[in-house]
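Each chain, letter by letter, is given below.
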Amino acid sequence: MSDFITPPVPPMTIHFDAQAGTLTPEGPVLERRMSDLEGLFADKGAWDEAVANGNPVVYSVVSTPVPEVDRELPQSITTIEPGTTAGEFWMTKGHQHPNHQGEIYLGISGQGGLLMFDGENTSWVDMAPGVIGYIPPGWAHRSVNVGSEPYKFLAVYPGGAGHDYGWVLENGMGQRVYSSDAGHEFAPFFAAQA
Ligand code: PAN
Ligand code: ZN
């Protein structure tokens, strides 16, 4: 094992409770409020208003103790609360893995979607409990809650993948996802407007 820059963590048991949507033992927990999603929703006025009116938690990410270190395989559960901002469904910031590495998402509960963008083409996977969405290397990804309950999914990704959020701010995600009579509908991406 002498060629490891960071010594690997020891083998461990992680309990995955799909009903409760928990991982035990737990590692770092991250909370993203509306104010953390600056420049992402199309309607900046509506975003400003939501920040001023309680600045709600839009999503949280609970990890295990497996670190984000090259050659480890960290996991986390993301919970996106139900809601819309000027009709646009609540979503994660979205990112590109700068080292272009793949990832899998497993739907746990609620109704969501996995939006992917390679800079030219978009792709969408309807996420429901039991569905695995595969993110190939080079595809930026964002998750969207298109239902009325919290949407939860498990993510498993290479520890050295990195998270480039600037790429999405610069390039967008190809499409936006809005609430509609049929559930959800797509609109071509345009940058945030005041
Ligand atoms: C996921 C995401 C998580 C939160 O674990 O990091 O859903 O989304 P943002 O990172 O875009 O805020 C993942 O894709 N990890 O690589
Ligand atoms: Zn990722």
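Predicted model only: the values in this text are computed from it and were never measured.

The rules behind these values
- Residues numbered from 1 in each chain as written.
- Chains lettered and ligands numbered in written order.
- Predicted model: local features only at pLDDT ≥ 70, side-chain atom pairs only at ≥ 80, totals over all residues.
- Heavy atoms only, no water.
- Phe/Tyr/Trp six-rings, centres within 6.5 Å; stacked < 30°, edge-to-face > 60°.
- Helix = DSSP H or I, 4+ residues; strand = E, 2+ residues; numbered from the N terminus.
- Buried < 20%, exposed > 50% of the residue type's maximum accessible area, 1.4 Å probe, protein only.
- Lys NZ or Arg CZ within 6 Å of the ring centre and 35° of its normal.
- Pairing = 2+ DSSP bridges.
- Axes fitted to C-alpha atoms, helices over the stretch in contact; angles between N-to-C directions.
- Donors = N, O, S within 2.8 Å, 3.2 Å for Na, K, Ca; no water.
- Tetrahedral: all angles 85-135°; square planar, octahedral: opposite > 155°, others 65-115°.

Q: Just to check I follow, could you spell out the packing of aromatic side chains for this structure?
A: The description of an aromatic ring pair uses the distance of the two centres, along with the angle that the planes make with each other. One pass over the structure, following the stated rule, counts 4 aromatic pairs. Residues Tyr105 and Phe153 carry aromatic rings whose centres are separated by 4.4 Å and whose planes lie at 35° to one another, so their mutual orientation is tilted. With a gap of 48 residues between them, Tyr105 in strand 8 (residues 103-109) and Phe153 in strand 13 (residues 151-156) connect regions that are remote in the sequence. For Phe153, a relative accessible area of 2% corresponds to the buried category. A ring pair is formed by Trp124 and Phe186, whose centres lie 5.0 Å apart and whose planes are at 80°; its orientation type is edge-to-face. Taken together, the residues span a long stretch of sequence, with Trp124 in strand 10 (residues 122-127) and Phe186 in strand 15 (residues 183-188) at a distance of 62 residues. Three or more aromatic residues joined by ring pairs form one cluster here, namely Tyr105, Tyr151 and Phe153. Above the face of the Tyr165 ring, Arg32 is positioned so that its terminal group lies 5.9 Å from the ring centre.

Q: Honestly, the sheet that holds strand 9 (residues 112-117) in this entry has me stumped. Any pointers?
A: The strands that make up a sheet pair up through hydrogen bonds in the backbone, lying either parallel or antiparallel. Reading across from one edge, 10-9-12 is the order of the 3 strands in this open sheet, with antiparallel pairing throughout. Only two strands of the sheet have a single neighbouring strand rather than two, namely strand 10 and strand 12 (140-145). Strand after strand, the sheet turns through a mean of 20° between neighbouring axes, direction not considered.

Q: Which parts of the structure should I look at to understand the coordination of the zinc ion (ligand 2)?
A: Metal coordination angles have textbook ideals: 109.5 degrees for a tetrahedral set of four donors and 90 or 180 degrees for an octahedral set of six. For the zinc ion (ligand 2), the protein coordination sphere consists of His95 (NE2), His97 (NE2), Glu103 (OE) and His141 (NE2), at 2.1 to 2.3 Å. Of note is the zinc ion (ligand 2), whose 6 donor atoms meet at the metal with angles of 75 to 177° in an arrangement that counts as octahedral. Binding-site remark: the zinc ion (ligand 2) is held by donors from one chain whose sequence spacing is H-x1-H-x5-E-x37-H. Judged by relative accessible area, His95 falls into the buried class, the value being 10%. Glu103 gets classed as buried once you look at its relative accessible area, which sits at 5%.

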